[in-house]
Structures are given as C-alpha cells and as structure tokens.
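Residue-level structure breakdown
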Amino acid sequence: MEHTLEELARVAGGTVDGDPTKKVRGARSLDAAGPEEIAFLDHAHRFKVVEGSNAGAFLVPLDTPPLTRPVIRVNEPLSSFIKVARLFQKAPAPRPVGIDHRAAVDPTAIIGERVVIHPFAVIGYKVEIGDDCEIHPGVVVSARSRIGRNCILHPHAVLYEDTVLGDRVVIHAGTVIGADGFGYRLVNKVHEKIPQLGNVEVGNDCEIGACTTVDRGTFGPTQLGAGSKIDNLVQVGHNCRIGANNLIVSQTGIAGSCTTGAYVVIAGQVGLADHVTLADGTVVGAKSGVMRNSQPGERLLGAPARPERDEKRILISLEKLPETIREVKRLTARHVAPNQLGEQGS
Amino acid sequence: MEHTLEELARVAGGTVDGDPTKKVRGARSLDAAGPEEIAFLDHAHRFKVVEGSNAGAFLVPLDTPPLTRPVIRVNEPLSSFIKVARLFQKAPAPRPVGIDHRAAVDPTAIIGERVVIHPFAVIGYKVEIGDDCEIHPGVVVSARSRIGRNCILHPHAVLYEDTVLGDRVVIHAGTVIGADGFGYRLVNKVHEKIPQLGNVEVGNDCEIGACTTVDRGTFGPTQLGAGSKIDNLVQVGHNCRIGANNLIVSQTGIAGSCTTGAYVVIAGQVGLADHVTLADGTVVGAKSGVMRNSQPGERLLGAPARPERDEKRILISLEKLPETIREVKRLTARHVAPNQLGEQGS
Amino acid sequence: MEHTLEELARVAGGTVDGDPTKKVRGARSLDAAGPEEIAFLDHAHRFKVVEGSNAGAFLVPLDTPPLTRPVIRVNEPLSSFIKVARLFQKAPAPRPVGIDHRAAVDPTAIIGERVVIHPFAVIGYKVEIGDDCEIHPGVVVSARSRIGRNCILHPHAVLYEDTVLGDRVVIHAGTVIGADGFGYRLVNKVHEKIPQLGNVEVGNDCEIGACTTVDRGTFGPTQLGAGSKIDNLVQVGHNCRIGANNLIVSQTGIAGSCTTGAYVVIAGQVGLADHVTLADGTVVGAKSGVMRNSQPGERLLGAPARPERDEKRILISLEKLPETIREVKRLTARHVAPNQLGEQGS
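Residues numbered from 1 in each chain as written. Chains lettered and ligands numbered in written order. Predicted model: local features only at pLDDT ≥ 70, side-chain atom pairs only at ≥ 80, totals over all residues.

**Section: the overall build of chain A**
Within chain A one finds three helices and 39 strands. The C-alpha radius of gyration of chain A comes to 28 Å, more than 25% above the 20 Å expected for a compact globule of 346 residues. Counting only C-alpha atoms, chain A reaches 95 × 75 × 30 Å along its principal axes. Sorting the 346 residues of chain A into buried and exposed places 55% on the buried side. Counted over contacts in chain A with a minimum sequence separation of 6, partners at least 24 positions apart contribute 19%. (Helix = DSSP H or I, 4+ residues; strand = E, 2+ residues; numbered from the N terminus. Rg over C-alpha atoms; globule rule 2.2 N^0.38 Å. Buried ≥ 20, exposed ≤ 12 C-beta atoms within 10 Å, placed from the backbone. Contact = placed C-beta atoms within 7 Å.)

Here is the structure:
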C-alpha cells in the first residue's frame, strides 16, 4: 500500500512543499518512521526535531519555517495525521459474526442485534446486552448486568452481578467491575465482612483501561459519570461518584465514598482519602495524596495535597533547607556572645 | 417486594417513630435512597444529614434527637441495616450444581462434595478442592494446589502450582497467587533468574481483592495469616510472612521477605522495603514508605516512615518553611552589622 | 526422596563438616526449613542466624567460622543451593502435548514445533508462534501477533493485535500487552480518543510479571529491550522505549514516551513523568517521582527526584526542621531587643 504526497495532502487537507509525486508507504511517529514513511510535527517551534528524524515526509503546522525535507502543511497536524495514518492501517482481522458456539450464554440472557460474542465468554443469568456490542474472549458478565449499545469488552474483563454499562462503553482487558468493596468491622477480634449489596453504574462513552478495579457500592451504586476515561491499574473504591468527563491516570487510587465534579483531572499514582469531594475542574498533580475537598478549578499537588502554588513554594524551599539549617546554627552560635552580653547589660 | 416499617422494626430490633404502616420497597445508602426506600444514619450527631436525604425512612441510633421523618430507632444501625437490606436483596441467580461440562478438570484432581465449577475453569494435576467451594468461570488452579472448604474463587483468579488455601478463603477476580518472585542476579552482564521453588500458603478466612498479586517464595512459602484481608491491586513479594488478621489496603506494595505481626493495618499505596518487620498492631498511614521495623502498636507515617507524631510535626513545619527561610535571611542580613561590631569588639 | 550430606556436597561442589551420612529430605529457606531439611547461609558474617534455624544442615560460605551444626562449605552458597534445591523439587506435573482440543486456534495461525496450547487459550487471525512455546489456559493472542521461540505465556495473559515477542520471553498471569494508550484531546468539551495505531515489541529474554500493563504506541511501537525484567502491577505507557537489561520493580508507572538506556534499575512504586529519558545505568529509588532526565549511572531519589545525595541531605534536614523553626523563632525574639538597640545606636 502506497500513496503520493499529493494524495495524502488531499486527505490531510493541506498543501505539499516538495515533490508531490513522492511515494509514502506508512505513517509513524517521528522517532519510529523510516524513509518511506510520513511522520508529523505537533508544534511549529519544535521544527528542529524534523532534522533528526528518518521519516521521508512530514505533516507540519502551517506556520512552520521552511524546511529542506518534504512536508505537507496543515492546520491541525494531529487531526490530519490520524486521517493519514488510518489510510495505511492494516486491514482489521475479519470480525466474527454472532455468538461463538464456545461461549457460555445463559438461556435467560437477552442479546441485541449484531452482537459478537467470542469463545469462552460467559454471559450470565438475565444479562442484557444492547445492539452492536463486541464481547471478547473470556469476558465474564455476571447475573443481571445490563450493557448498553456499541460497547466493547476486551478479553477477560469481568463484570460482577448487577453491573450497568451505558452506551459506547469500552473496557480493556483484565479489568474488574463490581468486586466487593473493602469493608470490615472488628467484632470480637474478627474482621467481619460488611456485605456489599450495591452495584456499579458506568455512564455513556466511558473508557476504562486494563487491569483496573471499580468496586461495587455497599448499599447503593458506585458511579462513573458519562464521558469519563480511566487509565490502567486504577482503583475506584465503593460508593464513589465520579463525575462526567473526568480523566483519571494510571495507578491512581480513590478510596471509598469520594465524589468528583465534571472535568476533574487526576494524574498518575494519586491517592484520594475516603469521603473527599473534588469540585468541577479540579486538577490533581501526580503522586498527590488528597485529604481534603477542593474548590472549582483548584489545582492540588503534594502529599498531603495543597494548592499547587503553595506546594511548589515548599518544594523550592526544601532545596534550600540544608543550607538554611546550617545558617541557623551559625546564627545561634554567633548570637550567644552578643545576646549574653545583652542579658548581662539588662 | 415491600415491607411496612413495623415489619422492618421487628427485623431490625427497634422501635418506630412515625407511621408503622408506611411501606418501604428497598434499602440503600443515605444519598442513593429514594422516597420508597429506607436508609440508615450511623451516628446520632450527624442527624442533620437526614434532612438532605430523599429516603422515605431511616434507621437511626437510639440517642438521635426527634426528627420529622419516619425513623426506626435501634442500638446498632449498621448491623440492623444489614439485616433489613438483605430482606430487599434480589434473589440470587440460580446457582449451578456440580462441575460444568465445559470446565477442564484433570482426572487426577480430587473434588469435594457440593463443589460448583463453572465453565472454562481449569483444575490441574493432583489438585485438591474441599467441600462446598465455588470455582467461577476461567479460574485456573495449577498442579498440586490444595483448596480448603467453603472457598470462593471469582472469575479468572489464578493459582500457580502448589498453592495452599485454607477454609473459607475468598479470592476476587483477576488475582494471581504464586507467580514467580522478582529475583535475579547479574552474572556476566545478564540478569540470571533465581528459580522460585517455594509456594504460597493462605490461612483460613482470608479475603483477597481483585487484581492483586502474591508471589511464591524462593525456597520456602510466602504466607498470609488466618483472617487477613487484602484489598485490590496489592503486591505481596516473595517470602513474606503476613500475620493473622491484617488489613492491607489497595495498591500497597510489600517487598520480599517482610514479616508482619497480628492485627497490622496498612493503608493504601504504602510501600514496605524488603526484610521489614512490623510488630503486632502496627498501623501504617497511606502512601508511607516503610524502611525500618516497628514496635507493637506503633503508628507510622511518611516516606521514609516515622512515628506518626514526628511525621505530623514535620508536615506542620513544612507549611512554615518558606516563611522561615525568609526570616533566616532577614536575621542574617540584620546580623551582619551587630555581629561585625561584636567581632570588632572582641 | 532423600540424600546424604555427602551426596549433596558432591552436587554443591563443597566439603562436609559433620556426619557425611546424615540424611536430608528437602531444601528450604533458613526460617522455613525443618530438622530433615537443608538451608543456606548467604554471608559468613551472618553465621549466628544458623543457631536460630531449625534446619538439619546448612550450605555455608567457605570462610564461615566453625559451627556446631552440620554444614557443607561451598564457594557460592546461592548457586550451590539452587542445584541442591532442584534435587528435591517435586516432579513437575506431566506436561501436555500439542494443542488442546478446547483451545480456539484460528485456521490462519502458524504454530511452530512442539508448541503446547492449553484449554481455552485463543490464538487469533494470522498469529505466528515459534517452536517450543507454552501457551497456558485462557491466554489470548490477538490478530497478527508474532511470538518467538521458547516463550511461556502464563494463564490469562493477553496480547492485543500486532504484538511482537522475541525468543525466551516469559509473561506472567493476567498481564496485558498492547491495550490502548491513554490519549484523548478535548474537542467541543468531549474527550475525543486519539486512535492508538502502534503496537508493542518485546525483546528476547524479557520477563514480565503478573497483572502488568504495557500500552501500544500511538503511531509507532512501545518497546521493551532485550533482557529487561518487569515486576508485577507495573504500568508502561504508550510510545515508551525501555532499554536492554532494565529491572523495573512492582507498581512503578512509566508515563508515555519515556526512554531508558541499558541496565537502568527502577525500584518499586516509582513514577516517571512523560518524555523523561534515563541514561544507561541510572538507578531510581523507591517511590520517586522522576520529572527530569538523568546522566549515565546517576542515582535519583525523591518526588520530585533529585540526585540521591541531595535528597538524602534534605531528608536528614527534615528531621531537624521542627527544632530549627523553633530556634528561628527564638532568634527572632531575642533579636528584637539587641537589634532595636543596634538600630537605635546607629
């Protein structure tokens, strides 16, 4: 499969600088692309990295300075590159049709139109699956769960009983939705389990990464708002109510009964203590430990998390701490004499 | 399904304030319950939250002030609410009986009475499974593993060879018990693997969350003491000896050869360095990094972890650090004159 | 199965101190071994721990002081003990042969010689698997993935489309290779997914622990260099290029587009921000948060990570911080008088 720069420029909505008949056989990132492939430059001011790339051609922003290499100038390089890259994508593997005879589908389950169920998937008692879903190998959908339309469950995703997914939800491999929350109480020196009788409800257009866990609620639902995206290896505790359009990055842990507003962004390896509420638009920096509520749009950082500006001030101060301590010792030592003098003088 | 408050009060062991014939159709948490559902209040002093709830009735502590809403007064609201909530629980899905014909059970395996084995589970060579266990879809129990009575292995839990589980052990979905510990030694610039010839032994009444990993020992067992509970996404390294009745919260990592006493509590995202020993009743705060042993009942916090009181003092001091550094600069500046004077005078 | 000390000394390449006809029935760690088992001492200076062990005999370094217990003196106790321990290992479970009839192997897949495929494994469209591989139960190898020779994929490992594994690669249970990277852009208030069109390439002799996730690249490969070892529950983001012979410990998260050189060691629970480059031989301490590039052989510690020496100095200073702040207050208070005096005097 090959395309000329002229053809690609048409797809990309741009103009060619250089030989428009030059042939391209693939589209890859700047560092991975070879002489027969096209790459893209995200920002004009980084134009020098083009020289270090082996790519044969480049999609670049309109305002990029003149370059010696063949380029296609476009308004939005990433958007255009996605279109170009799709041209070169390998044809997808032939998609199987219908329910594989090696899947275990309970006779009480209700399966929509054009649903694909792969081998060794298990669809439980009274489960409902909407139209156009794809259920990959080894997925387990437990009793009474309801899945909307156009959802994709990747291999070995597990939904415990009564899980509800909206439309267009994507769940990646190995992720577990609806396992019991971590709730015990000490009775006669035994950690007695508090039954976890709630469920998990995932809104429309959510995507959940691989090996992530979202626990079921204790006496109500754990909720994930529409349009929110969760990365790999994240923990969402029981009774949480994650708002709409959140971004939660890998290895973050959200303890029980937390609430987040809309458009909250939580970076990687963050921890939220239980019952924390983050207002709309809160941004939490990586590795923070959040133990208090936030204001709308607030930026938090650190463990325990503070307003980002305060935390940064402390981090800068820490650099000076060893020298400051030495200086205090010097001050104390010097001080003894004049001070004693002062005391004698009083 | 519906019950009157009078009926619920009998189950809950309490007394009704309000109309005892009022009908309730479900039991959910304060924030999730609707007008036809009952919720519960855990502490009397939080009585004002009742006003903000849409629930139709409330289980409340005996000493709660008079409320305008229908309540049932009980001694222990949580305990009573669990009983009430169970009344409203959906009938469980019909439990399958025996070994599904789509499971792969080795002919040398010994399976107890009333064991349920779901489709696509794999039971290996000479495995032993005690009475009344439930082995969910896709679970893999590798060669020579022994499982006690009344255990539940949720979907896709994996036991490597020679794993031993006690009675009443619950393992949630996607958890891996007995994978190789992370042991290599550099020989001629190659990371040569140290064979991991031990196993994992899990005591009675342990519960292990989803997507957690417990590595097999190198030349002996990795052990988890009876009654201990481990949350999701926790790592327990090779050769660890976790004591009885521990609570280990999500995303904590315990490096190799650590030992914990009884009733140790480790909060979320904590790390223990290898060979650390925590004495009985130690409590480690969230996100701590523990690099030293603890005393019985000691509370540790911070990375590196210190006695909680010391760490809190440091955390408070950090708030004052930027101002302190400015003050030291002022002192130094002011000091130059009198001090130089002093030196001249000496 | 039992062996005399004389027999074991021959296998271990050492000499017996004590009764050479003494019989041993197993080999376990110092704390786990009983009177009929042999254990080993790694360093001569730790010789006192031998007295606290119940083991019946010990492999010890040549320079260990005389002990009252039966020992075999050897040059390298760990190497010798591995040989001895293997003598006592249980016979492995009989290895099945060929492709189990319950596996789902696409007719277009190309399977090498002597490959074992267990029940419920799924081998997709045009997958290639090299000679002598073992594919455990429930493993999913998606379309067009290529696996080299002598690889082991443990239960439920998942390879997404187009994954490439070298020779002698081991992937532990529940690990997911090639799920989509976490890439979105906000368009009209919607987090629009950036398609993840790359793949993952794993070099020869890599071992990847359990429940780890390695995301596919966006427009190119995510790469793992030959001989690198990754522990459990690690996240490797899209477009990363991990070098050769790295060691990456449990629960570490590496954000997108990071690059590491050869022989980099990253301890547990570390986070790398995106686009960070670590030079050859860099060592990152546990729980660090790395936000900058490193020099060859540099040791980093802390969050944000600094040269280890600087961070340790700060950590020591922190211990003194509360007292320092009190001292500064005292200095300020005392200073008021003489200083005012000084100002009056000037």
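**Describing the relation of the copies chain B and chain A**
When chain B is brought onto chain A, the operation consists of a screw motion whose angular component is 120 degrees and whose axial shift is 0.0 Å, with 0.1 Å RMSD remaining. Each copy turns onto its partner about a three-fold axis. (Least-squares fit on C-alpha atoms with pLDDT ≥ 70 in both.)

**Observations regarding the interface of chain A and chain C**
Accessible area lost upon the coming together of the parts is a frequently used measure of interface size. Contact with chain A, which involves 50 residues of that partner, is made by 52 residues of chain C. Broken down by secondary-structure element, the contributors of at least two residues to the side of chain A that touches chain C are helix 2 (77-88) and helix 3 (308-345) of chain A. With 12 residues, the top contributor of residues to the side of chain A that touches chain C is helix 3 of chain A. Residue composition of the side of chain A that touches chain C, by class: 25 nonpolar, 18 polar and seven charged. (Nonpolar A, V, L, I, M, F, W, Y, C, P; charged D, E, K, R; others polar.)

**Notes on the pairing of strand 23 (residues 199-202) of chain C**
Residues in a regular strand project their side chains so that they alternate between the two faces of the sheet. Residue and element names in this part refer to chain C. Residue alternation in strand 23 divides its side chains into two sets, N199 and E201 and V200 and V202, and both sets are buried. Bridging between strand 23 and strand 26 (residues 221-224) involves four bridges; their strand directions are parallel. Directly across from E201, in strand 26, lies its bridge partner Q223. (Pairing = 2+ DSSP bridges.)

**A few points about helix 2 (residues 77-88) of chain C**
All names here are of chain C. Compared with the 16 Å implied by 1.5 Å per residue over 12 residues, the 17 Å span of helix 2 between its first and last C-alpha is a close match. Among the residues of helix 2, P77, S80, F81, I82, V84 and A85 are the ones counted as buried. Taken together, the buried residues of helix 2 touch helix 1 (5-12), strand 4 (26-27), strand 5 (37-40), strand 6 (57-61) and strand 7 (71-74). (Expected span 1.5 Å × (residues − 1).)

**With respect to unusual backbone geometry**
What you tend to see is this: most non-glycine residues have negative phi, and most peptide bonds are trans. At the junction of A:A303 and A:P304, the peptide bond is cis and its omega measures out at 0 degrees in the coordinates. Phi is positive for A:N245, close to 55 degrees, though the residue is something other than glycine. Within the secondary structure, A:N245 sits in the loop between strand 29 (241-242) and strand 30 (247-248). In this structure, B:S257 is a non-glycine residue whose phi angle is positive, near 60 degrees. Take B:S257: it is sitting in the loop between strand 31 (253-254) and strand 32 (259-260).

**Focus on the interface of chain B and chain A**
Contact with chain B, which involves 50 residues of that partner, is made by 51 residues of chain A. For the side of chain B that touches chain A, the secondary-structure elements that each account for two or more residues are helix 2 (77-88) and helix 3 (308-345) of chain B. Counting residues per element, the side of chain B that touches chain A draws most heavily on helix 3 of chain B, at 12 residues. Along the lines of polarity and charge, the residues of the side of chain B that touches chain A split into 25 nonpolar, 18 polar and seven charged.

**Considerations on helix 1 (residues 5-12) of chain A**
Residues and elements named next belong to chain A. Within the sequence span of helix 1, burial applies to L5, L8, A9 and A12. The buried residues of helix 1 occupy an angular sector of 105 degrees when the element is viewed end-on, so they sit on one face. Downstream of helix 1 by a residue or two, G13 has a phi angle that is positive, lying close to 70 degrees. (Arc of directions from axis to C-beta.)

**What about the sheet that holds strand 28 (residues 235-236) of chain A?**
Residue and element names in this part refer to chain A. Taken together, the 10 strands give an open sheet; going across it, the order is 8-11-14-17-20-25-28-31-34-37, and neighbouring strands pair in parallel fashion. Across the chains shown, the open sheet's two edge strands, defined by having one partner strand only, are strand 8 (104-105) and strand 37 (289-290). Sheet topology places strand 25 (residues 213-215) next to strand 28; two bridges connect them, and they run parallel. Bridge pairing links V214 to V236 in strand 28.

**Quick notes on the environment of C:T68**
Residues and elements named next belong to chain C. Residue placement: T68 occurs in the loop between strand 6 and strand 7. Look at T68 and you get exposed, because 9 C-beta atoms sit within 10 Å. For the pair T68 and V50, spaced 18 residues apart in the sequence, the C-alpha separation amounts to 9.7 Å.

**Side note on the pairing of strand 23 (residues 199-202) of chain B**
Sheet topology places strand 18 (residues 164-165) of chain B next to strand 23 of chain B; two bridges connect them, and they run parallel. Bridged to B:L165 within strand 23 of chain B is B:V202.

**A closer look at the sheet that holds strand 24 (residues 207-208) of chain A**
What the 11 strands build is an open sheet, ordered 10-13-16-19-24-27-30-33-36-38-39 (chain A); its pairing is mixed. Of all strands in the sheet, those bounded by a partner on one side alone are strand 10 (116-117) and strand 39 (306-307) of chain A.

**Some thoughts on the packing of helix 1 of chain C against helix 2 of chain C**
Residue and element names in this part refer to chain C. Two numbers describe how helix 1 lies on helix 2: the axes approach to 8 Å, and their chain directions differ by 130 degrees. Put simply, helix 1 runs oblique to helix 2. Judged by the sense of rotation from one axis to the other, the crossing of helix 1 with helix 2 is right-handed. Contacts from L8, V11 and A12 of helix 1 reach helix 2 at S80, K83, V84 and L87. Split by residue class, the contact of helix 1 with helix 2 holds five nonpolar, one polar and one charged. (Axes fitted to C-alpha atoms, helices over the stretch in contact; angles between N-to-C directions. Parallel < 35°, antiparallel > 145°, perpendicular 65-115°, else oblique. Left-handed = near helix turned anticlockwise from the far one by under 90°.)

**Points about the environment of A:H45**
Structurally, the position occupied by A:H45 is in the loop between strand 5 (37-40) and strand 6 (57-61). Along the backbone, A:H45 and A:P61 are 16 residues apart, and their C-alpha atoms lie at a distance of 9.5 Å.

**Some words on the environment of C:G217**
Mapping C:G217 onto the fold places it in the loop between strand 25 (213-215) and strand 26. Look at C:G217 and you get buried, because 26 C-beta atoms sit within 10 Å. Along the chain, C:G217 and C:E201 lie 16 residues apart, while their C-alpha atoms are 9.7 Å from each other. Leaving out residues up to four positions away in the same chain, C:G217 has contacts with A:S29, C:G181, C:G198, C:N199, C:T222, C:H238 and C:N239.

**Regarding the confidence of the model for chain A**
Of the residues in chain A, 97% reach a pLDDT of 70 or more, and the chain-wide mean stands at 94. Scored below 50 in pLDDT, residues 339-346 of chain A makes four contacts in the model with residues more than four places away or belonging to other chains. (pLDDT = per-residue confidence, 0-100.)

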